[in-house]
Amino acid sequence: MATVQFLRQRWFYVLLLILALVLPWSITNRYHFQIVIMGCLFSIATLSMNLILGYTGQASLAHAGFFGIGAYGVALLTKGGLSFWLALPLSALLAAAIGFLIGLPTLRSRGSYFAISTMCFGVIISIVAGNWIDFTGGYNGIVGIPLPNPLSIPLIGDLGFQTQAGQYYLVLAFLFLTLLIMHRLVNSLLGLSFMAIRNNEVLAGSVGINTFAGKILSFVVANFFAGLAGGIYASLMGTISPSTASLELTFNWLIFLLLGGAATLAGPIIGAFVIPVIMEYLQFLAEYRLIIFGALLIVVIIYFPRGLMGGFTTLQQRVRGLYTQRRG
Amino acid sequence: MLGSTYAIVALGLTLVFGILHIPNFAHGHLYMLGAYISFFLMTLYGFGFWTALVSSMVILGLIGMLIERIIYRPLQDKPHINSFISAIGALIILETSVIVLWGPQGRRIPNPYPDIVEWLGITMSYQRLLVIVTAIVLIVLLQVFIKKTTPGTTIEAVAQNREGAMLVGINVNWVSSLTFAISTATAAAAASLVAPIFMISPTMGALLGMKAFVIVILGGLGSIPGAILGGYILGILEAIGGGYLSAAYKDVYAFGALILILSIRPTGLFGKEVS
């Protein structure tokens, strides 16, 4: 009975999940499949950025830096002989730990100050990655990072990651995990306190929320998932370079997040899938695409601060309003 | 020399960031655009160095007013972070436009004063000396403008109290435009001055813009002497750090210093406490 009710309430999400699971059979083009895999991966990164920027209201621009820490962590550890399944959580934890250390000083500042200081940190990471040649391979990066070791699952057997389908399921599983944790987090009391900090930090402090601890926690969790996404990226791509930690990547996610809709769970995922696809379709415009997206970013932040998802909800409410008006 | 450039660029930014409270993150990119405009005026239309510099300042001033009107004014009463994101959109547009129009390769402006001067045992190219002297002249002029003329004092009035300025009949929007125009014009001046020494490229503004923010925060928001001092401190820090420690990590010092300073004083070195 409970399952029936669950299905009735959530049929849309269940349908989406089934569609996502059967997707590998409907895509034949390897290139398109790669775009889907990257979409999932960047969804994880954008979702984590959403936690600190969308829900907690602190614009961290070091996000690609932490993505890079995760990527370099997995690359160096797996090349050193460690299993991917051990290297990944270790690297994500490393990103979270560095996030904690960086969060302590930077989160004391607010607004644009925080954005600037985190951006400085992001740039430092990519400079270090480019110049610490013995450790990171300099601007040539690291090549030949092994794929994740095959997993043996009871009943199904060995699950390898040589094929794109295997890689897709790996990324999808992590995306699902991230989404689940984010969903639990933002709908909990803790998530509400994050939003209270975003809406009015002084007020949140005066009703007994430890705003600094809240911001640190949000930052650390966000960076954990950024590191996680980076680690998977390194293993699937096989090569990384300082551009893995570049500011452009952060800006890309920022565009995904804001156009998709900040402070919603669906927004970042929609952004991370829809915008790269639009980018592909606009291939003939070459460099002009970036001008369009820059302009879109400005238009969205001025007129639709809640992005596509926000626009969708507003539209839905209006239609519903019209409908009830006509009935009443 | 580097310090002088930093000081002028930071001066422009502190006007906008400190006085109008607009985190104009595209400042470095406007600087880059200024260098390009000078370059094309000189090479395509045969302008002299000084006429190109002044024309570039005027053009950039107009562009600055346009940007303020289109991008920042609608976000005036929103959280700062919205303006910041808007600025990122602006800088993406600026950088890509320059790449599309003029290509990603670096270019060099012919050096108008290639001679070398020797004075008290210091050897220096004429152009470098020129940068230092012009920087000082610009700084003094700006200071005189803000302290002694009516438009300058209205800028200060708006900085001190926006509502109060409105009450006594100051057109705040006009002041915003003016401040923005001055700020971008100084960026163009700095860019045109150093362009003959360094290469110009579409990405030259990105790091400089960030450093300008570092300086403004170092020197205290909206403080003009602070910005000048901060500019010279950063220039010297980079020269010493790059020379004695490691040139590859030259840019790390500035950003590291910023994180360090913000961790001790979240509102900057000479910044006032914000409520």
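Residues numbered from 1 in each chain as written. Chains lettered and ligands numbered in written order. Predicted model: local features only at pLDDT ≥ 70, side-chain atom pairs only at ≥ 80, totals over all residues.

Participant: I'd like a description of the overall build of chain A, backed by residues and values.
Facilitator: Helix and strand content of chain A: 14 helices and two strands. By the compact-globule yardstick of 20 Å for 328 residues, chain A fits well, its C-alpha radius of gyration being 20 Å. Along the first, second and third principal axes, the C-alpha set of chain A runs to 70 × 50 × 50 Å. Counting across all 328 residues of chain A, residues that qualify as buried make up 48%. Expressed as a percentage of contacts within chain A between residues at least 6 apart in sequence, the contacts between residues at least 24 apart total 75%. (Helix = DSSP H or I, 4+ residues; strand = E, 2+ residues; numbered from the N terminus. Rg over C-alpha atoms; globule rule 2.2 N^0.38 Å. Buried ≥ 20, exposed ≤ 12 C-beta atoms within 10 Å, placed from the backbone. Contact = placed C-beta atoms within 7 Å.)

Participant: I'd like to hear about the overall build of chain B, residue by residue, with values.
Facilitator: Helix and strand content of chain B: eleven helices and two strands. Counting over 275 residues, chain B shows a buried share of 49%. Excluding contacts between residues fewer than 6 apart, the proportion of contacts in chain B whose partners are at least 24 apart in sequence is 72%.

Participant: Account for unusual backbone geometry, naming residues and giving values.
Facilitator: Residue and element names in this part refer to chain A. The phi dihedral of Ala-263 falls on the positive side, at around 60 degrees, and the residue is not glycine. Relative to the helices and strands, Ala-263 resides in the loop between α11 (247-260) and α12 (266-281). Given 23 C-beta atoms within a 10 Å radius, Ala-263 is considered buried.

Participant: Which residues make up helix α6 (residues 150-160) of chain B, and what are the values?
Facilitator: All names here are of chain B. Within the sequence span of α6, burial applies to Thr-154, Ile-155 and Val-158. Down the axis of α6, the buried side of the element spans an arc of 105 degrees, and every buried residue falls inside it. Exposed side chains of α6 directed beyond 90 degrees from the buried face belong to Thr-150 and Gln-160. Those residues of α6 that are buried are in contact with α1 (2-19), α5 (126-148), α7 (162-167) and α8 (172-194). (Arc of directions from axis to C-beta.)

Participant: Summarise the interface of chain B and chain A; cite the residues concerned and give the values.
Facilitator: Residue-level contacts link 33 residues of chain B with 33 residues of chain A. Breaking the side of chain B that touches chain A down by element, the ones donating at least two residues are α4 (80-102), α9 (204-219) and α11 (250-264) of chain B. If one sorts the elements of the side of chain B that touches chain A by residue count, α4(B) sits on top with 15 residues. A breakdown of the residues in the side of chain B that touches chain A according to their chemical character gives 24 nonpolar, eight polar and one charged. (Nonpolar A, V, L, I, M, F, W, Y, C, P; charged D, E, K, R; others polar.)

Participant: Describe helix α2 (residues 30-55) of chain A, naming the residues involved and giving the relevant values.
Facilitator: Residue and element names in this part refer to chain A. With 26 residues, α2 extends 36 Å between its outermost C-alpha atoms, agreeing within 8% with the 38 Å of an ideal straight helix rising 1.5 Å per residue. In α2, a bend of some 30 degrees at Met-49 exceeds every other bend along the element. Burial analysis of α2 places 19 of its 26 residues in the buried class, the great majority of the element. Within two residues after α2, Gly-57 carries a phi angle of roughly 75 degrees, on the positive side. (Expected span 1.5 Å × (residues − 1). Bend = angle between axes of the 7 residues up to and from the residue.)

Participant: I'd like to hear about the nonpolar core, residue by residue, with values.
Facilitator: Leu41(A), Ala229(A), Leu258(A), Val9(B), Ala10(B), Ile88(B) and Val214(B) are the most contacted members of the largest nonpolar core, which totals 186 residues. Among residues more than four places away in sequence, those in contact with Val9(B) are Tyr31(B), Ala187(B), Ala190(B), Leu208(B) and Ala212(B). (Core = buried A, V, L, I, M, F, W, Y, C linked by C-beta atoms within 7 Å.)

Participant: Describe the packing of helix α2 (residues 27-44) of chain B against α4(B), with residues and values.
Facilitator: Residues and elements named next belong to chain B. Where α2 meets α4, the closest approach of the two axes is 9 Å, and the angle between their N-to-C directions is 25 degrees. Overall, the two elements α2 and α4 adopt an arrangement that is roughly parallel. Of the two possible hands of crossing, α2 and α4 adopt the one that is left-handed. For the pair formed by α2 and α4, the contact residues are His-29, Met-32, Leu-33 and Tyr-36 on the first element and Leu-91, Leu-94, Glu-95, Val-98 and Trp-102 on the second. In the contact of α2 with α4, the residues fall into seven nonpolar, one polar and one charged. (Axes fitted to C-alpha atoms, helices over the stretch in contact; angles between N-to-C directions. Parallel < 35°, antiparallel > 145°, perpendicular 65-115°, else oblique. Left-handed = near helix turned anticlockwise from the far one by under 90°.)

Participant: Summarise the environment of Tyr55(A); cite the residues concerned and give the values.
Facilitator: Residue and element names in this part refer to chain A. Checked against the element boundaries, Tyr-55 lands in helix α2. Between the C-alpha atoms of Tyr-55 and Met-195, which are 140 residues apart in sequence, the distance is 5.3 Å. For Tyr-55, the contacting residues outside a window of four places in its chain are Asn-50, Val-186, Gly-191, Phe-194, Met-195, Arg-198 and Ala-263.

Participant: Quick rundown of the packing of α11(A) against α12(A)? Include the residues and the values.
Facilitator: All names here are of chain A. The N-to-C vectors of α11 and α12 enclose an angle of 120 degrees; their axes lie 7 Å apart at closest approach. Crossing handedness for the pair α11 and α12: right-handed. Each of Ile-255, Phe-256, Leu-257, Leu-259 and Gly-260 in α11 lies in contact with α12, whose residues at this interface are Gly-267, Pro-268, Ile-270, Gly-271, Ala-272 and Ile-275. Along the lines of polarity and charge, the residues of the contact of α11 with α12 split into eight nonpolar, three polar and no charged.

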